[in-house]
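Examination of the molecular architecture
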Amino acid sequence: MTNSTNTTNDTNTTDAEARTDRTSGIDPTIFQLGGDLPVRRIGYGTMRLADGPGDPTGPEARIWSAPAERAAALALLRTAAEAGVTLFDTADAYALGAGEELLAEALAPYGDAVAVATKVGVVRPSPTEWVPLGHPAYLRQQAELSLRRLRTERIDLLYLHRLDENYPVAEQVGALRRLQEEGKVRHIGLSEVTVAQLEEAEAVAPVAAVQNLYNLATRDHEAVVAHTAGRGIAFVPFFPIAMGGHAGPDGPVARVAREVGATPSQTALAWLLHRAPHILPIPGTSSAAHLLENLGALDVTLTEEQFARLGKKED
């Protein structure tokens, strides 16, 4: 991991213009995060690599404890790295830091061949509570703890997990900027923000990535997708495979999947990849087979007609 400064692209482009021409010689499966950190455009989200209480894989997963099957989790993470995943996503709030420790152990053999993103700014007083806390001193302390758990001198990408309305955005982002200036953070990211919040943050520090909820069924952040495209900022959708009513056996996803010879999950991910070249989905899974299936989306090509059909809202 090496230190650098962020660069951005201020050129305004339409979605169609932004898509990489596959004949240009530029690899469309790679994105230069922050302008200088190449990562494959499907990463791996580690949120589900945790245990209860409760079902760690269901919608009410509490992400509270380290995985009971630690060896299996380590093997899965190494399978991801061997299969070509170069961006791994975690947070200090996942299993109270145990998620970061797991990643550090699993990815130690891969060094600078992989990049790790983590998040600070949420406290976990109980298994059911996720409470934003943006006190600048707290953010700095949590980053120091993340550095220890990740066994690194610099975090590749540090997100502000959530903005805290009790502190000015300038103070919260300023804490991350100070860490960046000290060489402890390479790039800064934000999670679940609006365009206005992003612009306020950009006045304080370069923003390399935004991680918001976005998928075929949930597209409330279209304005953020457009803004980040024009600024050279990675847009990292979490829960990228949710498909809503599209997912029925005779729905658009299934029909297009049959046409292109892919699975519905691959097709949903391919829609995101086709949407714009700065979109980097981070699907998570505890299954090696599903992991490899998700990565197969990088090889799925959609026509403009198929892309439009997938994106059409169901009545």
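Description of the structure in this document. (Residues numbered from 1 in each chain as written. Predicted model: local features only at pLDDT ≥ 70, side-chain atom pairs only at ≥ 80, totals over all residues. Heavy atoms only, no water.)

**Focus on the overall build of the chain**
The condition is simple: Secondary structure elements follow DSSP: runs of H or I of four or more residues count as helices, runs of E of two or more count as strands, with numbering from the N terminus. With a 1.4 Å probe rolled over the protein chains alone, any residue whose accessible area is under 20% of its type maximum counts as buried; one over 50% counts as exposed, and the rest are partly exposed. Each accessible area is a Shrake-Rupley estimate made with a 1.4 Å probe; only the visible protein chains count as cover when residues are assessed.
Scanning the chain for helices and strands turns up eleven helices and eleven strands. Here the chain holds 315 residues, and 54% of them are scored as buried. Accessible surface for the chain amounts to roughly 13,300 Å². Of this, 52% is attributable to carbon and sulfur atoms.

**Observations concerning the packing of helix 6 (residues 195–202) against helix 7 (residues 222–231)**
The following threshold applies: Axis definition: a line fit to C-alpha positions, over the contact stretch in the case of helices; interaxial angles, taken between N-to-C directions, run 0 to 180 degrees. Here roughly perpendicular refers to angles of 65 to 115 degrees, roughly parallel to angles under 35, roughly antiparallel to angles over 145, and oblique to all remaining angles. Contact criterion: two residues are considered in contact whenever any of their non-hydrogen atoms come within 4.5 Å of each other. Under the scheme applied, nonpolar residues are Ala, Val, Leu, Ile, Met, Phe, Trp, Tyr, Cys and Pro; charged residues are Asp, Glu, Lys and Arg; polar residues are all the others, including Gly.
Running from N to C, helix 6 and helix 7 point in directions that differ by 30°, and their axes come no closer than 9 Å. Taken together, the axis directions place helix 6 and helix 7 in an arrangement best described as roughly parallel. Every residue of helix 7 that contacts helix 6 at V195, L198, E199 and E202 is listed here: A223, V224, H227, T228 and R231. When its residues are assigned to classes, the contact of helix 6 with helix 7 shows four nonpolar, two polar and three charged.

**Some words on the nonpolar core**
Definition in use: Here, nonpolar core means buried Ala, Val, Leu, Ile, Met, Phe, Trp, Tyr and Cys residues that are tied together by side-chain atoms lying within 4.5 Å of each other.
Counting 70 residues, the largest nonpolar core has Y44, L77, F88, L107, L158, L190 and W271 as its most contacted members. Sequence-distant contacts of W271, defined by excluding residues within four places in its chain, comprise Y214, N215, L216, R219, L302, F307, L310 and G311.

**A word on the packing of helix 2 (residues 70–82) against helix 3 (residues 98–107)**
Our working rule: Handedness of a helix crossing follows the sense of rotation of the near helix relative to the far helix, less than a right angle counterclockwise being left-handed and clockwise being right-handed.
For the pair helix 2 and helix 3, interaxial distance at closest approach is 9 Å and the crossing angle is 60°. Taken together, the axes of helix 2 and helix 3 are oblique relative to one another. The two elements helix 2 and helix 3 cross, and the hand of that crossing is right-handed. Here R70, A73, L74, L77, R78 and A81 of helix 2 come into contact with helix 3, specifically with E101, L102, L103, E105, A106 and L107. Of the residues belonging to the contact of helix 2 with helix 3, the class tally is eight nonpolar, no polar and four charged.

**Examining the sheet that holds strand 10 (residues 209–213)**
Let me state the cut-off plainly: Here the rule is simple: two strands pair whenever DSSP picks up at least two bridges between them.
One open sheet holds the seven strands; their spatial order is 3-4-5-8-9-10-11, and the pairing between them is parallel. Sheet topology places strand 3 (44–45) and strand 11 (234–238) at the edges, where each strand pairs with a single neighbour. Relative to strand 8 (residues 155–160), strand 5 (residues 115–120) is paired through four bridges, and the arrangement is parallel. Within the sheet, the bridge partner assigned to A117 lies in strand 8 and is L157. Sheet strands touched by helix 4 (residues 136–150): strand 5 and strand 8. Its angle to strand 5, the strand with the most contacts, is close to 145°.

**Brief notes about helix 8 (residues 252–260)**
Those residues of helix 8 not exposed but buried are P252, V253, A254, V256 and A257. In this structure, the buried side of helix 8 is in contact with helix 9 (264–275) and helix 11 (304–311). One or two positions beyond helix 8, positive phi appears at G261, with a value near 70°.

**Regarding unusual backbone geometry**
Even without glycine at this site, A95 takes up a positive phi of about 55°. Among the secondary structure elements, A95 is positioned in the loop between strand 4 (87–89) and helix 3. For A95, a relative accessible area of 7% puts it in the buried group. Even without a glycine there, the phi angle at E192 is positive, about 55°.

**Details of the pattern of salt bridges**
As a reminder, the rule being used: Salt bridge, as used here, is a side-chain nitrogen of Lys or Arg placed within 4 Å of a carboxyl oxygen of Asp or Glu.
This structure, assessed with the given rule, holds 13 salt bridges. Here D36 ties to R186 by a salt bridge, and the two come within 3.5 Å at their closest N and O atoms. Placement of D36 in the loop between strand 1 (30–33) and strand 2 (37–40) and of R186 in strand 9 (residues 185–191) is noted, with a sequence separation of 150 residues between them. Given a relative accessible area of 8%, R186 falls into the buried group. Members of the salt-bridge network, linked through shared partners, are R140, E144, R178, E182 and K184.

**Description of the packing of aromatic side chains**
Applicable threshold: Between 30 and 60 degrees the pair is tilted, below 30 it is stacked and above 60 it is edge-to-face, where a pair is any two Phe, Tyr or Trp rings, Trp via its six-membered ring, whose centres lie within 6.5 Å.
Enumeration over the complete set of coordinates arrives at six aromatic pairs. Between Y214 and F235, the aromatic rings sit 5.5 Å apart at their centres with planes inclined by 85°, giving edge-to-face as the arrangement. Within this pair, whereas Y214 is found in the loop between strand 10 and helix 7, its partner F235 is found in strand 11, the two being separated by 21 residues in sequence. An identical accessibility class is assigned to Y214 and F235; each is buried. Ring centres of Y214 and W271 lie 6.2 Å apart, and the angle between their planes is 25°; on these two criteria the pair is classed as stacked. Of this pair, Y214 sits in the loop between strand 10 and helix 7 while W271 sits in helix 9, and the two are 57 residues apart along the sequence. Its relative accessible area of 0% is what places Y214 among the buried residues.

**Some words on helix 11**
Cut-off, in case you're wondering: Each direction from the helix axis to a C-beta atom contributes to the arc, which is the arc of those directions.
Every buried residue belonging to helix 11 is among Q306, F307, L310 and G311, and all of these are buried. When helix 11 is viewed along its axis, its buried side chains cluster within an angular range of 130° and face the same direction. As for helix 11, its buried residues are in contact with helix 8 and helix 9.

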